[in-house]
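Given next are the chains, with one letter for each unit.
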Amino acid sequence: MALLEVKGLKKGFGDLKVLESVDLTVEKGDVIAVLGPSGSGKTTMLRCINFLETADAGTMTMDGTVYDLANADKKEIAALRRHTGFVFQNYNLFSNKTVLSNVTLGLTSARKMPKAEAKEKAMKMLEKVGMADHANYYPAQLSGGQQQRVAIARSLATDPEIIYFDEPTSALDPELTGEVLETMKSLAESGMTMVVVTHEMSFAKNVSTHVIFMENGVVVEEGPSKEFFENPKEERTREFLRMENIDA
Amino acid sequence: MSADTLKLLAESFTKILIPGLAMTVPLTIISFIFAVIIAVIVAVIQYAKVPVLSQIARVYIWIIRGTPLLVQLMVGYYGSSALGFKASGFTVAIIVFAINEGAYCAETIRGCLEGVPKGQLEAGYCVGMNYVSIMWHVVLPQAFRTAVPALGNSLISMVKDTSLASNITVAEMFLATRQIAGRTYQFLPLYLEVALIYLLFSTFISYIQRLTEKRLGRFDKTSENEGRS
Ligand SMILES: Nc1ncnc2c1ncn2[C@@H]1O[C@H](COP(=O)(O)OP(=O)(O)OP(=O)(O)O)[C@@H](O)[C@H]1O
Ligand SMILES: [Mg+2]
């Protein structure tokens, strides 16, 4: 059974229809790149499936548990979020907390883990992303790339089964995207299940296992990365890839 | 200025300063602590849009901000005795100052709470935290950081406003000054003297305010090197 299955996800803001029945299936170990032009609803989709936004309709099955995306109570939402991690475009590190506390807070406060144990675990995660030597810094003292790596460590620390990334590198200066993509690549290689909204074609092509191409709130095309890039079925996909300077 | 006046000023200095330290300072500090507690509660109620309580909070702020502090003191003083409470002027003053300043500080803190980026809450939710712990660990500390300058200013105006407590028999330093002036008829020099002492007090608070801001500012860009290991 798939780790995550989303069916019939619909979402609008007022009169604006943003998602028109989106389906999504994620198997354990998948790294799914979500591509699509600006405004196509990629962020909204991620936010809806982590209940940061309430959908108008849709169901989701995570690890065998079914959730109503349009109507879930606090308990269900909290239960769902025990399975997931979320990495934001603008990092959203807790600005009043050190790097270390950013990572431990979800463990001590949400999971009631003893402080010493949480610290040990956080340091391990920070080592993974190469930020252990910055444990006592405050977010404002770090570069964007460093902040994003800390954000990745923060979400890793809670042992999610799947991590959602919303354009993790697009707020970064070009010379800083490499370090974050490298971190994500090693995560992918370690078998982490990931759904990554991105404009980084090299990541989609070389790291992701599957690609989803969205436009105007619908999934236009999806498939294994190799197939998607080498042999796109839809004309619209080919056009998009041409614009992104990727030869089909 | 005559030698007599100078002598009077020198003698009265401690006679004004002592009630200042013994009354004005505790009155200010105790009232302000309660004011901040009230303000945080009222601000969080409004920020979290708690039903019923947030309407009550609005009414409270509306009344307090729409009436003069001196009138509130009088109402508190005569109101408490009309209701049969045997409260001293000092107690009434603390309660009225706390309630009054609480309303103003609540607006300050609410504004600062709303200034904390939404993403901070969302990030908290995404690592599994609940609303209360995100407020406690993340949102309130950040709001406090931005509220400190405004709260410092409130504290300074509070020191000055305590002079109004002289009207309900609180023997703070303005009342002491008035009494000496009434005896000696040296009104202007004495009022200038007490003005100077108020100035000393508020300057001291400004200094503390700056220290606090600096300490709290350690997670800001402006204090690049603090907090590093
Ligand atoms: N909270 C909101 N209120 C109103 N409209 C919104 C809101 N969030 C998103 N939208 C609108 O929904 C549409 C889809 O937005 P979304 O952010 O999901 O697109 P996206 O695919 O992530 O785009 P980008 O690549 O620019 O990040 C846009 O037209 C956007 O203006
Ligand atoms: Mg987006």
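For the structure itself, look to the data block above.
Reading the values: rules and limits
Residues numbered from 1 in each chain as written. Chains lettered and ligands numbered in written order. Predicted model: local features only at pLDDT ≥ 70, side-chain atom pairs only at ≥ 80, totals over all residues. Heavy atoms only, no water. Salt bridge = Lys/Arg side-chain N within 4 Å of Asp/Glu carboxyl O. Helix = DSSP H or I, 4+ residues; strand = E, 2+ residues; numbered from the N terminus. Buried < 20%, exposed > 50% of the residue type's maximum accessible area, 1.4 Å probe, protein only. Pairing = 2+ DSSP bridges. Axes fitted to C-alpha atoms, helices over the stretch in contact; angles between N-to-C directions. Contact = heavy atoms within 4.5 Å. Near = heavy atom within 4 Å. Polar contact = N/O pair within 3.5 Å; in protein donor to acceptor, adjacent residues only side chain to side chain. Areas by Shrake-Rupley, 256 points an atom, 1.4 Å probe, with all protein chains shown as cover.

Q: Help me understand the pattern of salt bridges, please; the structure alone is not making it clear to me.
A: If charged atoms from side chains of opposite charge come close, those side chains can pair. This structure, assessed with the given rule, holds 15 salt bridges over all chains. Across the pair R149 of chain A and E179 of chain A runs a salt bridge, and its minimum N-O distance is 3.0 Å. Here the residue R149 of chain A occupies a position in helix α5 (residues 144-157), and E179 of chain A occupies one in helix α6 (residues 174-189), the gap between them amounting to 30 residues. The salt bridge involving K226 of chain A is made with E230 of chain A; its shortest N-O contact spans 3.3 Å. One end of the pair is K226 of chain A and the other is E230 of chain A, both in helix α8 (residues 225-230) and 4 residues apart, which spans about a single turn. A single burial state applies to K226 of chain A and to E230 of chain A, both of which are exposed. Three or more residues are tied together by salt bridges with common partners; here these are R58, R65, E107, R110 and E114 of chain B.

Q: Sorry, what's going on with the sheet that holds strand β4 (residues 57-62) of chain A here?
A: Either a parallel or an antiparallel arrangement is found when strands of a sheet pair, and the pairing is made through backbone hydrogen bonds. Residue and element names in this part refer to chain A. Across the sheet, which stays open at both edges, the 4 strands sit in the order β2-β1-β4-β5 with antiparallel pairing between neighbours. Each of the sheet's edge strands pairs with one partner strand only, and the pair in question is β2 (16-26) and β5 (65-68). Within the sheet, the average angular offset between the axes of one strand and its neighbour, ignoring direction, is 20°. With 4 bridges joining them, β4 and β5 adopt antiparallel strand pairing. By the bridge assignment for β5, T61 is matched with V66. Sheet contacts for helix α1 (residues 42-49): β1 (4-13), β2 and β4; angle to β1, the most-contacted strand, approximately 120°.

Q: Explain the site of ligand 1 to me, please; I cannot follow it from the model alone.
A: Residue and element names in this part refer to chain A. Among the 13 residues in the neighbourhood of ligand 1, the closest are listed as S38, G39, K42, T43 and T44. At a separation of 2.7 Å, an oxygen atom of ligand 1 approaches a polar side-chain atom of K42. In isolation ligand 1 offers 640 Å² of accessible surface; the protein chains occlude 61% of this area. Looking at the shell around ligand 1, the elements that each hand over two or more residues are β2 and α1.

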